[in-house]
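# Coordinate analysis (summary)
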Amino acid sequence: RLAHPAEEVACWNLQDARLQTLPLQLRRQGIQLRELWQPVMLIRYRRDRLVEPASRSRVNLDSEIAAAAANPGVVSAAESSPIGSAVLEVKRAGDELPIALHPFLRLGARKESFSKFLAVYAHMTRQIL
């Protein structure tokens, strides 16, 4: 637990000294860290939450994924436009995509791990994944 609400922390500058206390709080709780942590970027995105009615699957669509802020001490180049991808997350029992969501496959959707952090970092530093 933090002494500050998440909405307040999200407004802090990424070089704010209070952010450096967070790893110390983890250590006090017995979580050992290997290296010093530094905030790199603040990622924001739009999340639409839906329920697919036939299967009752919970569906999240994350779009407009972008860096809202970057720590200039860590990232020298900063591209703040959204990445060119969205994330469709389907939570349900089983591995198959509900039939109603199959049109997403024709749009190029595929099952894979996706790191918003890595994708935004590569986009803002103009690196290719």
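Whatever comes next refers back to the structure up there.
This text gives an overview of the structure that appears in the document. The structure presented is a predicted model; accordingly, all values stated were derived computationally and were not measured.

Spatial ordering of the open sheet is given by β1-β2-β3, a layout of three strands whose pairing is antiparallel. In this open sheet, the two strands that pair with only one neighbour each are β1 (41-52) and β3 (87-91). On average, adjacent strands in this sheet sit at an angle of 25° to one another, irrespective of strand direction. Examined bridge by bridge, β1 and strand β2 (residues 57-70) share eleven bridges and lie antiparallel to one another. Of the residues in β2, the one forming a bridge with Leu42 is Ala69.

Turning to helix α4 (residues 116-124), a few remarks are in order. Buried within α4 we find Lys116, Ala119, Val120, Ala122 and Met124. A positive backbone phi angle near 60° is found at Arg126, which sits one or two residues after α4.

This brings us to unusual backbone geometry. Positive phi, normally seen in glycine, also occurs at Arg56, with a value near 65°. Inspection of the secondary structure puts Arg56 in the loop between β1 and β2. The exposure class of Arg56 is exposed, given its relative accessible area of 60%. Residues other than glycine seldom take positive phi values, yet Glu64 does so here, at roughly 55°. Here Glu64 lies in strand β2.

Moving on: the nonpolar core. Among the nonpolar cores identified, the biggest contains ten residues, and these are Val40, Met41, Ile65, Ala67, Val75, Ile83, Val87, Ala119, Val120 and Met124. Broken down by secondary-structure element, the contributors of at least two residues to this core are β2 and α4. Looking at which element gives the most residues to this core, the answer is α4, with three residues.

Right, let's get into the pattern of salt bridges. Applying the stated criterion across every chain yields a total of six salt bridges. For Asp62, the salt bridge identified is with Arg47, shortest N-O distance 2.7 Å. Residue Asp62 is found in strand β2, and its partner Arg47 is found in strand β1; the two are separated by 15 residues along the sequence. Note that Glu112 is salt-bridged to Arg110, the shortest N-O span being 3.1 Å. Glu112 gets classed as partly exposed once you look at its relative accessible area, which sits at 48%.

Thresholds applied
- Residues numbered from 1 in each chain as written.
- Predicted model: local features only at pLDDT ≥ 70, side-chain atom pairs only at ≥ 80, totals over all residues.
- Heavy atoms only, no water.
- Pairing = 2+ DSSP bridges.
- Helix = DSSP H or I, 4+ residues; strand = E, 2+ residues; numbered from the N terminus.
- Axes fitted to C-alpha atoms, helices over the stretch in contact; angles between N-to-C directions.
- Buried < 20%, exposed > 50% of the residue type's maximum accessible area, 1.4 Å probe, protein only.
- Core = buried A, V, L, I, M, F, W, Y, C linked by side-chain atoms within 4.5 Å.
- Salt bridge = Lys/Arg side-chain N within 4 Å of Asp/Glu carboxyl O.

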